[in-house]
Amino acid sequence: MQTHQHVINSVYLQQRMQLDSYFTGTSPHILLLVNDGQDLPGILPELPATVLAVGIHADADRKAVYGTAGVPDYMGQGQLAESYTRFIIDELLPFLQQQYPDMRIVKRAFAGFSLGGLSALDIVWRHPDIFGLAGVFSGSLWWRSKPLGEDYNDDTDRIMHQLIRAGSYHPGQQFFFECGTADETADRNNNGVIDSIDDTRDLIKELLKKGYKPGKDIFSLEIPGGRHDMATWKAAMDLFLQLPFFY
């Protein structure tokens, strides 16, 4: 597998962004962007020859950069998410086209882990004209506008769920969700199901209401004993890359 390293001086983020690209074929035509790209060496399997994977490194600003664009959480995290979105669309994608002019990219996917999964989902959801698939591994779908307390309500205060509820069906767009049964221990509603699985299942319900179909548009994976770690995400990535989208 070929690996290249790149650096972009981002105007939107006012910092140098490090990237690693991976591919096995001579002319991949599917682009996979991945948040927390510094972790990819421990997660990424051998790629299909169709895929160019690009890992975008995160740094100390991770909790500011990842999130939902223009909608920080109740702690003010994610305040740079809109700038990150602009970096992806206006800086990164043109840069990659310049670096790999012989690669005729016809489809694009975006994936991430934990908070990076939330970020990838938000960007894909808002830009169906650019991205056809979101890969959400142990996604931070708890992202909320209020702290937990007496007035907190799952139905109104989870930000990504609300964004999907307020949005529209985008024909052809697909979603992959992974969560492990040992991803965490928190169970805020005491229903015997950990929050990360509850949040993922509830978000899938919102997509179903929009008209997305399970097995066609939505792929979900709950891994027995799966944890919030790279070993679990590597196992899930193996399955993610077998989706028809990549062939």
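Look a little higher up for the structure.
Residues numbered from 1 in each chain as written. Predicted model: local features only at pLDDT ≥ 70, side-chain atom pairs only at ≥ 80, totals over all residues. Heavy atoms only, no water.

(A) Seen up close, the pairing of strand β5 (residues 107-113). Of all seven residues that make up β5, five are buried, and the element is covered over most of its length. Sheet analysis places strand β3 (residues 30-35) next to β5, joined by five bridges and oriented parallel. Counted as the bridge partner of I30 is K107 from β5. Pairing between β5 and strand β6 (residues 133-137): five bridges, direction parallel. Its bridge partner lying in β6, F110 is registered against A134. With helix α3 (residues 115-126) bridging β5 and the parallel β6, this β-α-β connection has right-handed handedness. (Buried < 20%, exposed > 50% of the residue type's maximum accessible area, 1.4 Å probe, protein only. Helix = DSSP H or I, 4+ residues; strand = E, 2+ residues; numbered from the N terminus. Pairing = 2+ DSSP bridges. Right-handed = clockwise from strand over helix to strand, strands pointing away.)

(B) Main features of the pattern of salt bridges. Evaluated as defined, the whole model comprises 14 salt bridges. Between D154 and R158 there is a salt bridge, with its nearest N and O atoms 3.9 Å apart. Comparing D154 with R158, the two get one shared label, buried. A network of salt bridges, in which partner residues are shared, links D154, R158, R188, D195, D199, D202 and K205. (Salt bridge = Lys/Arg side-chain N within 4 Å of Asp/Glu carboxyl O.)

(C) Up close: the packing of aromatic side chains. Counted by the stated rule, this structure contains 17 aromatic pairs. With a centroid separation of 5.1 Å and 55° between ring planes, the pair formed by F176 and F240 is classed as tilted. Of this pair, F176 sits in strand β7 (residues 174-182) while F240 is found in helix α7 (residues 230-240), placing the two residues 64 residues apart along the sequence. Overall, the relative accessible area of 4% leaves F176 in the buried class. Here the aromatic rings of F240 and F246 are separated by 5.2 Å at their centres, their planes lie at 75°, and the arrangement is edge-to-face. Classification of F240 as buried rests on a relative accessible area of 0%. Each residue in the set F113, F137, F176, W233, F240, F245 and F246 is aromatic and connected to the rest through ring pairs, giving one cluster. (Phe/Tyr/Trp six-rings, centres within 6.5 Å; stacked < 30°, edge-to-face > 60°.)

(D) View of helix α2 (residues 81-99). Compared with an ideal rise of 1.5 Å per residue, which puts 19 residues at 27 Å, α2 spans 25 Å between its outermost C-alpha atoms and is within 8% of the ideal. What α2 keeps buried is the set A81, Y84, T85, F87, I88, I89, E91, L92, L93, F95 and L96. (Expected span 1.5 Å × (residues − 1).)

(E) Quick look at the pairing of β6. The buried fraction of β6 amounts to five of the five residues, a majority that puts the element mostly inside the structure. By the bridge criterion, five bridges tie β6 to β7 in an arrangement that is parallel. In the strand pairing of β7, A134 is matched with F175.

(F) Spatial organisation of the packing of α3 against helix α5 (residues 159-166). Across the interface, α3 lies against α5 with an axial gap of 11 Å and an inter-helix angle of 15°. By the angle between their axes, α3 is roughly parallel relative to α5. When you trace α3 past α5, the crossing you get is left-handed. From α3, L118, L121, D122, W125 and R126 reach across to α5, where they touch M160, L163 and I164. Broken down by class, the residue content of the contact of α3 with α5 amounts to six nonpolar, no polar and two charged. (Axes fitted to C-alpha atoms, helices over the stretch in contact; angles between N-to-C directions. Parallel < 35°, antiparallel > 145°, perpendicular 65-115°, else oblique. Left-handed = near helix turned anticlockwise from the far one by under 90°. Contact = heavy atoms within 4.5 Å. Nonpolar A, V, L, I, M, F, W, Y, C, P; charged D, E, K, R; others polar.)

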